Amino acid sequence: MRSLHHYIGGRTVEGRSGRDGPVFDPATGEQSATVAYASADETRAAITAAAEAFPEWAATPPLRRARIMFRFKELVEANIGEIASLVTAEHGKTLSDAKGSITRGVEVVEFACGIPHLLKGEYSDNVGTGVDSWSLRQPLGVCAGITPFNFPAMVPMWMFPVAIACGNTFILKPSEKDPSCALRLAELMGDAGLPPGVFNVLNGDREAVETLLEDERVAAVSFVGSTAVAEQVYRRATTAGKRVQALGGAKNHMVVMPDADLEQAADALMGAAFGSAGERCMAISVAVTVGDAGDALVEKLAPRVRALKVGPGSDPDSDMGPLVTQAHFERVKGYIDAGEKDGADLVVDGRGVSLQGYEGGYYMGGNLFDNVTPEMSIYTDEIFGPVLSVVRRDDFEGALKLVNEHEYGNGAAIFTRDGDAAREFSHRAQAGMVGVNVPIPVPMAFHSFGGWKRSLFGDHFMHGPEGVRFYTKMKTVTSRWPTGIRQGAEYIMPTMK
Ligand code: NAD
């Protein structure tokens, strides 16, 4: 059995807290490793390593920092097969999906390679006679990232490449369910030439997180996970005086108008609802059909959902891998039971899948509910599994109202051929990311990712320009050089002369 520890100060550091937890292979249900859970003291030692590395790293020219990012990008690309295998072995998603998610992370590294340009400030010549003024952005210090199980490579890579390229040092606390990938990324950052202490991986649970939130040497916290924890992290860390961005859960709706290409909409929904077994914060879990789109769409979806191939993520024939843990499997199953009890029509039932040779794995087939209503728990709650609910509405306004009244506002999409409906939707949807005939509108690395309402606590989206703003603070310098003319002291508010 493998033992997973921490990566601090440029090397593996063994956990000494006496606390650890199991890591499972969801494809077989067997335990594959134990992971150390850091104590408060171990967490403080990691913060010390990051704090000591900060002054020299902050003073390193951005171009030199960028060159390390270039090398890191090459190393991740050269090792993408191995990293994807780590993701599949602990998360369960298919290898091709794992590779795709790593590539989306690499795109953020590519963005961070442009850091000398991104950090350029603004300059005003002669704001007053002989006085110049300019603004610049400087790094914050030690930044912490706390990440969820569902994207063990991509979500950390939304954070640390931008934070580190900006001149900060970083402590990543990955999900205890799939920690191997983060440790490998840290080794590759070291191989790319990053000085010790600039990027650290601390494994653990609540104790490590709470220590990071309280310690005054941590300047900023980036969190991605469930809404309940995101809100708690946001409150505690802002009270402790930190800059915080905390991204939470989602319930993404896709509105299907009667004029939409329904074949295309059905295919889009399949990938968006069932890719990665629905364990994506941008998964579509609600299809809102308008007018007579409902019957036709459900007719197209049902055979597709029945035909989904569920199997180990390492099998290239699998469309969908297992769920992440037994506990999560039970939770998802509980929602399907509740949806049936609440009176929704279970058109396709994915419970009860069993695979020969993989009887211990956490497999669930695709589930399709029709005639779901807004008070049912399968509609209100984020299930985070392969469950698609169809809600029917008579018109566009009714569909938009549904999107806007849900507590979450991560992504929302519309499928239509009507430019007017698409434009209205883009303007009026209360969500941070909107798709028009695009089911999962995840912004590219040079734009920024984030939700509205209870899908994000804080003021900044992640990566892209918002990432640079989050990981730096602005300074404005006003400067005058003595000319030999002495004017004496002035006691009034200076104005332009
Ligand atoms: P989670 O909230 O259980 O865990 C996230 C992180 O917080 C982990 O590192 C975990 O160790 C830590 N944590 C858990 N409970 C804690 C507590 N009480 N105190 C302090 N730290 C705690 O989330 P998860 O199950 O790993 O991930 C799934 C969730 O993440 C879903 O809700 C999904 O929507 C969300 N997610 C959101 C986005 C987004 O961009 N908005 C992206 C990916 C995932």
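Residues numbered from 1 in each chain as written. Predicted model: local features only at pLDDT ≥ 70, side-chain atom pairs only at ≥ 80, totals over all residues. Heavy atoms only, no water.

### As for the overall build of the protein
From N to C terminus, the protein includes 16 helices and 23 strands. Expected size for 497 residues packed as a compact globule is a radius of gyration near 23 Å; at 25 Å, the protein falls within 12% of this value. A total of 497 residues make up the protein; the buried ones form 56% of that total. Within the protein, contacts between residues separated by at least 24 positions form 73% of all contacts whose residues are at least 6 apart in sequence. Counting every atom, the protein has about 20700 Å² of accessible surface; 51% of that belongs to carbon and sulfur. Side-chain charges in the protein split into 48 positive and 62 negative, and the spacing between the mean points of these groups amounts to 8 Å. (Helix = DSSP H or I, 4+ residues; strand = E, 2+ residues; numbered from the N terminus. Rg over C-alpha atoms; globule rule 2.2 N^0.38 Å. Buried < 20%, exposed > 50% of the residue type's maximum accessible area, 1.4 Å probe, protein only. Contact = heavy atoms within 4.5 Å. Areas by Shrake-Rupley, 256 points an atom, 1.4 Å probe, with all protein chains shown as cover. Lys, Arg positive; Asp, Glu negative; His and termini not counted. Charge placed at Lys NZ, Arg CZ, Asp CG, Glu CD.)

### Some remarks on the site of the ligand
Close contacts around the ligand come from 26 residues, with Lys-173, Glu-176, Ser-226, Gly-248 and Glu-382 the closest. A distance of 3.0 Å is found between an oxygen atom of the ligand and a backbone nitrogen or oxygen belonging to Phe-149. A distance of 2.8 Å separates a nitrogen atom of the ligand from a polar backbone atom of Gly-248. Counting residues per element, the ones that place at least two in the shell around the ligand are α8 (206-214), β11 (218-224) and α9 (227-239). For the shell around the ligand, the residue count by class is 13 nonpolar, nine polar and four charged. (Near = heavy atom within 4 Å. Polar contact = N/O pair within 3.5 Å; in protein donor to acceptor, adjacent residues only side chain to side chain. Nonpolar A, V, L, I, M, F, W, Y, C, P; charged D, E, K, R; others polar.)

### Some remarks on the environment of Trp-57
Structurally, Trp-57 can be placed in helix α1 (residues 40-59). A relative accessible area of 3% means that Trp-57 is categorised as buried. Along the chain, Trp-57 and Ala-40 lie 17 residues apart, while their C-alpha atoms are 25 Å from each other. Setting aside residues no more than four positions away along its own chain, Trp-57 makes contact with Arg-65, Ile-68, Ile-164, Gly-167, Asn-168, Thr-169, Leu-194, Pro-195 and Val-198. A distance of 3.4 Å separates a polar side-chain atom of Trp-57 from the backbone oxygen of Asn-168.

### Thoughts on the pairing of strand β4 (residues 20-25)
Note: β4 against strand β5 (residues 30-36), six bridges, orientation antiparallel. Paired with Val-23 across the strands is Ala-33, a residue of β5. Counting the residues that bridge the hairpin from β4 to β5 gives four residues, and of these Gly-29 lies at a positive phi of roughly 80 degrees. (Pairing = 2+ DSSP bridges.)

### Considerations on the state of the cysteines
Enumeration over the complete set of coordinates arrives at zero disulfides. Not engaged in a disulfide, the cysteine Cys-166 finds its nearest cysteine sulfur in Cys-143; these two sulfurs lie 8.6 Å apart. The class for Cys-166 is buried, based on a relative accessible area of 1%. Considering cysteine sulfurs only, Cys-281 is the nearest to Cys-181, which forms no disulfide, with 16 Å between them. Exposure remark for Cys-181: the relative accessible area of 2% places this residue in the buried category. (Disulfide = S-S within 2.5 Å.)

### Let's talk about the sheet that holds strand β7 (residues 131-139)
Sheet architecture is open: three strands sit in the order β6-β7-β23, paired in antiparallel fashion. Each having just a single partner strand, β6 (122-128) and β23 (472-480) make up the two edges of the open sheet. Between one strand axis and the next, the sheet turns by 25 degrees as a mean value, whatever way the strands run. With nine bridges joining them, β7 and β23 adopt antiparallel strand pairing. Residue pairing in the sheet places Asp-132 in a bridge with Ser-479 of β23. (Axes fitted to C-alpha atoms, helices over the stretch in contact; angles between N-to-C directions.)

### Things to note about helix α11 (residues 293-306)
The first and last C-alpha atoms of α11 sit 20 Å apart over 14 residues, in line with the 20 Å expected at 1.5 Å per residue. Within the sequence span of α11, burial applies to Ala-293, Gly-294, Leu-297, Val-298, Leu-301, Ala-302 and Val-305. In a view along the axis of α11, the buried residues occupy a sector of 145 degrees, so they form one face of it. Relative to its buried face, α11 has exposed residues pointing more than 90 degrees away, namely Asp-295 and Glu-299. Of the surrounding elements, those touching the buried residues of α11 are β13 (252-256), α10 (262-274), β14 (284-290), β15 (345-348), β16 (367-370) and β17 (387-393). (Expected span 1.5 Å × (residues − 1). Arc of directions from axis to C-beta.)

### A few points about the domain arrangement of the protein
Looking at the assigned domains, one finds that the protein contains domain 1 (2-248 + 455-477) and domain 2 (252-436). Computed from C-alpha coordinates alone, the two centres of domain 1 and domain 2 are separated by 31 Å. Taken together, the contact between domain 1 and domain 2 spans 20 residues of the former and 25 residues of the latter. Between domain 1 and domain 2, a total of about 1800 Å² is buried, with carbon and sulfur atoms accounting for 60% of that surface. Inspection of the domain 1/domain 2 interface yields one salt bridge. Its salt-bridge partner being Asp-97, residue Arg-280 comes within 2.9 Å of it at the nearest N-O pair. (Domains from an automatic or database assignment. Buried area = accessible area lost by both parts, 1.4 Å probe. Salt bridge = Lys/Arg side-chain N within 4 Å of Asp/Glu carboxyl O.)

### Overview of the sheet that holds β4
With mixed pairing, three strands are arranged side by side in an open sheet as β1-β5-β4. In this open sheet, the two edge strands, each paired with only one partner strand, are β1 (2-4) and β4. The mean inter-strand angle of the sheet, taken between neighbouring strand axes irrespective of direction, is 35 degrees.

### Describing the nonpolar core
Counting 69 residues, the largest nonpolar core has Phe-72, Trp-158, Ile-164, Phe-170 and Phe-199 as the members making the most contacts within it. Of the domains in this structure, domain 1 (2-248 + 455-477) and domain 2 (252-436) are the two that each give at least three residues to this core. Phe-72 has contacts with Val-109, Met-157, Phe-160, Leu-185, Leu-188, Met-189 and Ala-192, leaving out every residue within four places of it along the chain. If you look at the next biggest cluster of nonpolar residues, it comprises 65 residues, including Val-255, Met-364, Leu-400 and Ala-413. (Core = buried A, V, L, I, M, F, W, Y, C linked by side-chain atoms within 4.5 Å.)

### Remarks on the pairing of strand β8 (residues 142-146)
Burial runs high along β8: five of the five residues are buried. Following the chain from β8 across helix α6 (residues 154-165) to the adjacent parallel strand β9 (residues 169-173), one finds a crossover that is right-handed. When β8 meets β11, the two strands line up parallel, connected through five bridges. Within β11, the position partnered with Ile-146 by the bridge is Phe-223. (Right-handed = clockwise from strand over helix to strand, strands pointing away.)

### Re the pattern of salt bridges
Inspection of the entire model under this criterion finds 32 salt bridges. A salt bridge links Arg-44 to Asp-41; the nearest nitrogen and oxygen atoms lie 3.0 Å apart. Of this pair, Arg-44 and Asp-41 are both found in helix α1, three residues apart, which corresponds to roughly one turn of the helix. On the accessibility criterion, Arg-44 (36% relative accessible area) is partly exposed. Of the charged contacts in the structure, one is a salt bridge between Lys-73 and Glu-110, with a shortest N-O distance of 2.7 Å. One end of the pair, Lys-73, is in helix α2 (residues 62-78); the other, Glu-110, is in helix α4 (residues 95-112), and 37 residues separate them in sequence.

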